[in-house]
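# Architecture at a glance
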2 protein chains.
Amino acid sequence: LTFSLFQDISSDNVLDLGCVFQMLRDWVAIESDSSNVQKRPELHRMMETVAQKLQLMGGTVQLVDIGEQELPDGQTLELPKVVTAQFGNDSSKHTVCIYGHVDVQPAKLEDGWATDPYNLTEINGNLYGRGASDNKAPVLAWIHAVEAYQALSMDLPVNVKFVIEGMEETGSNGLDAMIMAQRDTFFSEVDYIIISDCGWLSRRPALTYGTRGNCYFFAEVEGPKQDLHSGVYGGTVIEPMTDLIGILGDPSGKILIPGIREAVAPLSDEEWKMYQDIQFDMDNYKNKIGVNQLMYSNKVDLLAHMWRYPTVSIHGIEGAFSDPGTKTVIPAKVTAKFSIRQVPDMDPAMVKKQVTDYLHSVFAKRKSPNKLKVTMVIGAKPWLADTHHPLYEAGKVAIKRVFNMDPDLIREGGTIPIARTFQDVTGKSIIMMPIGGFDDGLHSQNEKMSRYNYIEGTKLFIAYLNEVSQIKRTSV
Amino acid sequence: LTFSLFQDISSDNVLDLGCVFQMLRDWVAIESDSSNVQKRPELHRMMETVAQKLQLMGGTVQLVDIGEQELPDGQTLELPKVVTAQFGNDSSKHTVCIYGHVDVQPAKLEDGWATDPYNLTEINGNLYGRGASDNKAPVLAWIHAVEAYQALSMDLPVNVKFVIEGMEETGSNGLDAMIMAQRDTFFSEVDYIIISDCGWLSRRPALTYGTRGNCYFFAEVEGPKQDLHSGVYGGTVIEPMTDLIGILGDPSGKILIPGIREAVAPLSDEEWKMYQDIQFDMDNYKNKIGVNQLMYSNKVDLLAHMWRYPTVSIHGIEGAFSDPGTKTVIPAKVTAKFSIRQVPDMDPAMVKKQVTDYLHSVFAKRKSPNKLKVTMVIGAKPWLADTHHPLYEAGKVAIKRVFNMDPDLIREGGTIPIARTFQDVTGKSIIMMPIGGFDDGLHSQNEKMSRYNYIEGTKLFIAYLNEVSQIKRTSV
């Protein structure tokens, strides 16, 4: 039955594809950038839009107030509400809860986008726009999967719940507390949690069984009370920028912070073998990102450092001169932003202490009169699942049905903090079922979702709801 | 005669002070930021405004086309025209040429300004606004000095010429060629060149006899073809930001580049004694900039490193994440902006080679697949004058008349590239006669010019024109 359903998906009686693409266009047009406080009204509007859509479909919808966010300057700002929805309430069926987010990373045309990032633009079958792949189209694909059953007047094979948030890109502020608060109500009847917030590794569909966490730091060095003319004052003041770059500068490109490497779980022989079998084209990967050399030249090392070893990235510096042109300034207060990806068995609280202690000790050696302040603004744990769990077995069957091939079993270098929270708080099993392409450019310029992945992904979700309904109660 | 004139300056028959402040307000309101190509129309409007004012005063005015500027991306942009003007053409009199600039450094309210930087605002006798002190009020003070003579229907004691440019803050692009071209015409009858583009060292008026030059560099590290998600790609790519910070990071805060320190003229005993005698309050200086420790703890070392030793400042990084909030990005192309202040006997061409070679050699050690490109975008030479020249003696007399004290003889840590060009091309003698206060905040937030310095500075210029007319021909 389901099989014929997703074959029919492009016929008018199941889904109006024009409508499907227009919806993604409408959602991408909302600048729901959760890291920019000035875009907060857009973010609120985004959550309202999601709630209205689910309500129109007949879901039982709530906009859950999750309180306020404290900004670094001490001010507070209303968090975007979390949308919860429920379709079906048949206690004889399994209940799945689909998690997604509709906030996005920052994007500006002048960052190097070929098209307006908030105006969904189709080029060669790809739909370009900020948030198209991360995570608006996957959330819509789940909505369309439910609509497909509704369009054919078929009962959903499982009860379907939604939890859609608007703060994922900055650490899911407020969501943990909301899940905790509703653990024994909204989440009590949930059997399985499904997350589709990542991508495949190649053209082969994938199931994801692990993610890295993330500890995001601000290291602020403050000196003079205001910016100074570098001609007039250069040579007399100890410049905060010199201090900051001095403590960040590291000739090796490795993590020098004591204790971090030691905490990492060793690579097992079984893992090594799994990595060895994964379809992964190193040259393709290099071409895609446009480099001729990677950190590691063999597949296993590369995958291991992408998925299960920590890494540090310096994202940028706030407070220094960052515009085009020249400015002869000594910036008075500069804040480096960097993050360390977490893996088992690292502990964010420990990493916070290790990083803070290390930077303060390096800074102390400079004997600078400037002040250093280290803050961990995001502390998200990694997550790991069992690839032989029935949820994953059901996923393998659904993928086989839609794509006629076996999935790659992969991990994710990025962070989906909520996976870990769901696991810790609800105790439910989780599966990550990505539909994003391997080259979607998440967080980058020219992010896109292909028509193919969007539509075939919707079919996969339709099939998967059916497969999950077959899982035997005893195996839960 | 002159003495009574500047005593009358605040009476209506000499200068309408309301008008004087309104003119400064009007000029500051024009966002003539020469480093921002998007503000170029404002810069053109600024030059037109200056030309119109000088024309209204009866000057012989020209807007001199100095061609186009080549941008880093290969595009070209029209340079702001240079305004030249002439008042008086009496061959029995000396001819002075006053140089000034009406372009400004970038300024945004959110950089930490207490008031709108382009809306001149008076607080406690200070006039806050971008360009107020650097260099719009000093240019206007010279204009008002000429107007004062005109208001009393007095002949100017010397012929007065003006050269007002609009590219000083980014290296006086195009001006050198213009001076060269007009060496035997506009500049041929000029006896002396006067520059008032700097400030005093304390509350005591000053004459400036030297400036540092400036070599401004862009060091660009380019890696992936676009920004990447730091979770997804962190650990696999060699990050340009790590490379850039690695080659800039220097534990000492000193200039490590071989050959630079060696080129610096040694400090003479005479200089040491001069510095010793200068009125300079170290505690005041520390308070003003809001630090409790400086690079050097004694006055002579500090002044020497402010004026006659080179220094390096890192101004910022373009291309990395610089906004508030968090973004988990691996920036694909990052450009550090730093400058090295030049002193005798450094040669910018040599510094360019030394810096480029040094950065490439440090970068080569990293064995990074990323590409490094080092560009010197400004290369301005230092300048040094003889403090016993008749021009300086005339300055000392004028200061004594207006302020009833002897000036400090000082140097300037910043750069006025044109001083060196005037000297090299025209062979004329130059004096720098600042009227800016020691705490005007040039290039910083909350730049200001005090009413006192603006008005007393105008009086000084009136008196100085008279003193210069007394210089004996033989001593030229």
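Residues numbered from 1 in each chain as written. Chains lettered and ligands numbered in written order. Predicted model: local features only at pLDDT ≥ 70, side-chain atom pairs only at ≥ 80, totals over all residues. Heavy atoms only, no water.

In the annotation of an unreviewed UniProt entry, chain A is listed under the name Peptidase M20 dimerisation domain-containing protein and assigned to Astatotilapia calliptera.

### What about unusual backbone geometry?
For clarity, the threshold we go by: Helix and strand labels come from DSSP, where a helix needs a run of H or I of at least four residues and a strand needs a run of E of at least two; each type is numbered from the N terminus. Only protein chains enter the calculation, and the probe is 1.4 Å; a residue is then buried if its accessible area is under 20% of its type maximum, exposed if over 50%, and partly exposed in between.
In the segment running from A:D134 into A:N135, the intervening peptide bond is cis, with an omega of 15°. By the secondary structure assignment, A:N135 is in helix α4 (residues 132-151). Cis geometry is adopted by the peptide bond preceding A:D345, which originates at A:P344 and carries an omega value of 5°. Within the secondary structure layout, A:D345 lies in the loop between β15 (333-342) and α11 (348-366). Phi is positive for A:S153, which is not a glycine, with a value near 55°. Tracing the chain through its elements places A:S153 in the loop between α4 and β8 (159-165). The backbone phi angle of B:K367 is positive, close to 50°, even though this residue is not glycine. With respect to the helices and strands, B:K367 occurs in the loop between α11 (348-366) and β16 (371-380). For B:K367, a relative accessible area of 67% puts it in the exposed group.

### Side note on the relation of the copies chain A and chain B
Condition: A least-squares fit on C-alpha atoms brings the copies together, and the residues used are those whose pLDDT is at least 70 in both copies. Any two residues whose heavy atoms approach within 4.5 Å are treated as being in contact.
Mapping chain A onto chain B is achieved by rotating through 180° and translating by 0.0 Å along the same axis, at an RMSD of 0.1 Å. Put plainly, the chains are arranged around a two-fold axis. Considering only C-alpha atoms, the part of chain A nearest the rotation axis is A:G249, at 2.2 Å. With an isologous cut-off of 70% or more, the 99% of interface residues of chain A that recur at the interface of chain B puts this contact in the isologous class.

### Examining the pattern of salt bridges
Two side chains carrying opposite charge are able to pair once their charged atoms lie near each other. All names here are of chain A. To be explicit about the condition: Salt bridge, as used here: a side-chain nitrogen of Lys or Arg that lies within 4 Å of a carboxyl oxygen of Asp or Glu.
Counted according to the given criterion, the structure contains 46 salt bridges over all chains. Measuring nitrogen to oxygen at the nearest pair gives 3.8 Å for the salt bridge that ties E467 to R401. Here the residue E467 occupies a position in helix α14 (residues 451-469), and R401 occupies one in helix α12 (residues 390-403), the gap between them amounting to 66 residues. Taken together, the shared-partner salt bridges connect E271, R308 and R411 into one network.

### Things to note about the sheet that holds strand β13 (residues 312-318) of chain B
Residue and element names in this part refer to chain B. Selection criterion: Two strands qualify as a pair provided DSSP detects at least 2 bridges between them. Every axis corresponds to a line fitted to the C-alpha atoms, with the helix fit spanning only the stretch in contact, and the corresponding angles, defined between N-to-C directions, vary from 0 to 180 degrees.
Read across the open sheet, the four strands follow the order β13-β15-β11-β16; overall the sheet is antiparallel. At either end of the open sheet lies a strand with only one pairing partner, and these are β13 and β16. On average, adjacent strands in this sheet sit at an angle of 20° to one another, irrespective of strand direction. Here strand β11 (residues 213-222) runs beside strand β15 (residues 333-342); their pairing, made up of 10 bridges, is antiparallel. Considered in β15, the bridge of V221 is made with V334. In this fold α11 packs onto β11, β15 and β16, with an angle of close to 160° to the strand it touches most, β16.

### Some details on the interface of chain A and chain B
The test is simple: Accessible area that two parts lose when put together, with a 1.4 Å probe and added across both, is what the buried area reports. Pairs of N or O atoms are called polar contacts if they sit within 3.5 Å, as long as, within protein, a hydrogen donor faces a hydrogen acceptor (for residues adjacent in sequence, only side-chain-to-side-chain pairs). For this classification, the nonpolar set comprises Ala, Val, Leu, Ile, Met, Phe, Trp, Tyr, Cys and Pro, the charged set comprises Asp, Glu, Lys and Arg, and every other residue, Gly included, is treated as polar.
Contacts between the two partners involve 89 residues from chain A, matched on the other side by 88 residues from chain B. Roughly 7,100 Å² is buried in total at the junction of chain A and chain B, and carbon and sulfur atoms are behind 51% of that figure. Counting the surface chain A buries against chain B, the share from its top three residues, A:T236, A:T326 and A:K327, is 9%. Here chain A is connected to chain B by two salt bridges. Here chain A and chain B share 46 residue pairs in polar contact (both at pLDDT 80 or more) between them. The element best represented in the side of chain A that touches chain B is strand β13 (residues 312-318) of chain A, accounting for seven residues. Considering only residue class, the side of chain A that touches chain B consists of 35 nonpolar, 37 polar and 17 charged.

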